[in-house]
Amino acid sequence: MAAEGGVESSAGVGGEGGGRQAGSVAQARRARRESIPPYMRAVSGSLGGIMEACCLQPIDVIKTRLQLDRTGNYRGIAHCGATVARTEGVRALWKGLTPFATHLTLKYALRMGSNALFQSAFKDPATGHLSNHARLLSGFGAGVLEALVIVTPFEVVKIRLQQQKGLSPELLKYKGPIHCARMIIREEGIFGLWAGAAPTVMRNGTNQAAMFTAKNAFDIILWKKHEGDGKVLQPWQSMISGFLAGTAGPVCTGPFDVVKTRLMAQSRSSGEVKYKGMIHAIRTIFAEEGLLALWKGLLPRLMRIPPGQAIMWAVADQVTGLYERRYLQSAHL
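Residues numbered from 1 in each chain as written. Predicted model: local features only at pLDDT ≥ 70, side-chain atom pairs only at ≥ 80, totals over all residues. Heavy atoms only, no water.

Looking at an unreviewed UniProt entry, one finds the chain named Mitochondrial succinate-fumarate transporter 1-like and attributed to Phoenix dactylifera. Of the comments in the UniProt record for the chain, the one headed Sequence similarities (unreviewed entry) reads "Belongs to the mitochondrial carrier (TC 2.A.29) family." (UniProt positions renumbered as here; feature names shortened; annotations may be inferred.)

Here it is as structure tokens:
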């Protein structure tokens, strides 16, 4: 009887251990299976991009004008905005909205979708765990991809439109986004749309590596929110996490943004260009305007990017949260 009881006890322990192991495996498989698909990340990002563009376009116009101001016409953000509105009309503060909104919609769709794909590729196949190193690499890859495919050509067109002064169509070289793109291709070649690609790649890669990692960290620290746990943040919580995650990038990548703007703004139609490339532009700006000129437009960037990330994540988290509640959690139950 004792032997029989021992065998039974042993079998019970073994069965219990096997049950725990099977449960862990099932849980890991479920975690992998229940991750939000990349296409939903892309949809959430595109919807967030539309909302951000409509709210923050005037700040982007002011930032561009300040970065292109070499003679001190504008005495700060408020003066720049007031001058543009007074001399060109309030509508001028929404110059370039069409390419900007389209650009943000496509950019966020590609950013969120490609980041989700990269994260899926870098996850541990056994546990579904994503390390911080892998999260950084995923964000950097998404930033590089968006910079080359979407950001550079759209920003070239946007900046060319924004640097034009006045609203009278007959006095403007570029009549609209499509006309601007056609003129650039005709006068400068197809690669004219990719002017400033190098600093754009560096800026966006670094920004997204920091942003995705910081957003995940703030969600965990502030709200105890982990990916795939079924918890949906309130919009104000997403806005706080997104705002904080969006602050570091502009400070670190300011020189890349200034150089990008200068390279994109200069036309190659005359044959002569002031800046030959990213390194030459950094050296020239530093020599002629001083070190702080490499951070021109930083304040309006800080006024635009963190609030922009707050708006985008508030929308994106609600969309992915709705999907998670409706499909993932209900399927699990």
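Don't stop here, the text continues.
A. A look at the overall build of the chain. On a plain count of helices and strands, the chain comes out with 11 helices and zero strands. Put simply, the chain runs from its N terminus to its C terminus through helices and strands in the order α-α-α-α-α-α-α-α-α-α-α. The buried share of the chain, taken over its 333 residues, is 47%. Excluding contacts between residues fewer than 6 apart, the proportion of contacts in the chain whose partners are at least 24 apart in sequence is 77%. Surface summary for the chain: the accessible area is close to 16000 Å², and the carbon and sulfur share equals 66%. (Helix = DSSP H or I, 4+ residues; strand = E, 2+ residues; numbered from the N terminus. Buried < 20%, exposed > 50% of the residue type's maximum accessible area, 1.4 Å probe, protein only. Contact = heavy atoms within 4.5 Å. Areas by Shrake-Rupley, 256 points an atom, 1.4 Å probe, with all protein chains shown as cover.)

B. The arrangement of the nonpolar core in detail. Ranked by size, the top nonpolar core spans 13 residues in total, and within it V156, V157, L161, Y174, C180, I184 and L193 carry the most contacts. Of all elements in the fold, only α5 (132-162), α6 (177-188) and α9 (248-265) reach the threshold of two or more residues within this core. Not counting the four nearest positions on each side in its chain, I184 is found in contact with V156, R160, Y174, G189, G192 and L193. Counting 12 residues, the second largest nonpolar core, distinct from the first, contains A53, F212, A245 and M312. (Core = buried A, V, L, I, M, F, W, Y, C linked by side-chain atoms within 4.5 Å.)

C. Representation of the packing of α5 against helix α7 (residues 197-223). Where α5 meets α7, the closest approach of the two axes is 7 Å, and the angle between their N-to-C directions is 140°. On the basis of the axis angle, α5 is oblique to α7. The way α5 lies across α7 gives a crossing that is right-handed. When its residues are assigned to classes, the contact of α5 with α7 shows 11 nonpolar, 10 polar and four charged. (Axes fitted to C-alpha atoms, helices over the stretch in contact; angles between N-to-C directions. Parallel < 35°, antiparallel > 145°, perpendicular 65-115°, else oblique. Left-handed = near helix turned anticlockwise from the far one by under 90°. Nonpolar A, V, L, I, M, F, W, Y, C, P; charged D, E, K, R; others polar.)

D. Just the packing of aromatic side chains, in detail. All told, the structure shown has three aromatic pairs when counted by the stated rule. Ring centres of W223 and W236 lie 5.3 Å apart, and the angle between their planes is 85°; this geometry places the pair in the edge-to-face category. Placement of the pair is W223 in helix α7 and W236 in helix α8 (residues 235-245), with a sequence separation of 13 residues. With a relative accessible area of 13%, W223 lands in the buried category. Ring centres of Y323 and Y327 lie 4.9 Å apart, and the angle between their planes is 40°; on these two criteria the pair is classed as tilted. Here Y327 and Y323 lie together in helix α11 (residues 298-332), a separation of four residues that amounts to about one turn. The exposure class assigned to Y323 is buried, which follows from its relative accessible area of 14%. Y327 sits in the partly exposed class, given a relative accessible area of 47%. K107 extends its terminal NZ or CZ atom over the ring of Y108, reaching a point 5.4 Å from the ring centre. Lying over the aromatic face of W313, K215 brings its terminal NZ or CZ to 4.4 Å of the ring centre. (Phe/Tyr/Trp six-rings, centres within 6.5 Å; stacked < 30°, edge-to-face > 60°. Lys NZ or Arg CZ within 6 Å of the ring centre and 35° of its normal.)

E. Spotlight on the confidence of the model for the chain. Of the residues in the chain, 87% reach a pLDDT of 70 or more, and the chain-wide mean stands at 85. Counting contacts from residues 6-11, a segment whose pLDDT is below 50, to residues more than four positions away or on other chains yields zero contacts. (pLDDT = per-residue confidence, 0-100.)

F. Examining a nonpolar patch on the surface more closely. A cluster of nonpolar side chains, contributed by I221, L222, W236, I240, F243 and L244, occupies part of the molecular surface with about 550 Å² of accessible area. Where the nonpolar patch is concerned, the elements lending two or more residues are α7 and α8. Of the residues forming the nonpolar patch, the biggest block, four residues, is contributed by α8. (Patch = residues over 30% accessible without salt bridge, like charges linked within 9 Å, V, L, I, M, F, W, Y side chains within 5 Å. Salt bridge = Lys/Arg side-chain N within 4 Å of Asp/Glu carboxyl O.)

G. Examining the packing of α9 against helix α10 (residues 278-289) more closely. Orientation of α9 relative to α10, taken along the N-to-C sense of each, is 100°, at an axis distance of 10 Å. For the element pair α9 / α10, the angle class is roughly perpendicular. Listed contacts from α10 to F256, V258, V259, R262 and L263 of α9 are M278, A281, I282, I285 and E289. Looking at the contact of α9 with α10, its residues break down into eight nonpolar, no polar and two charged.

H. The arrangement of the pattern of salt bridges in detail. Evaluation of the coordinates by the stated rule reveals 20 salt bridges. One salt bridge connects E155 with K260, and the closest N-O pair in it is separated by 2.5 Å. Remark: K260 occurs in helix α9 and E155 occurs in helix α5; sequence separation between them is 105 residues. Each member of the pair, E155 together with K260, is buried. The network of salt bridges with shared partners includes K63, E155, R203, D257, K260 and R301.

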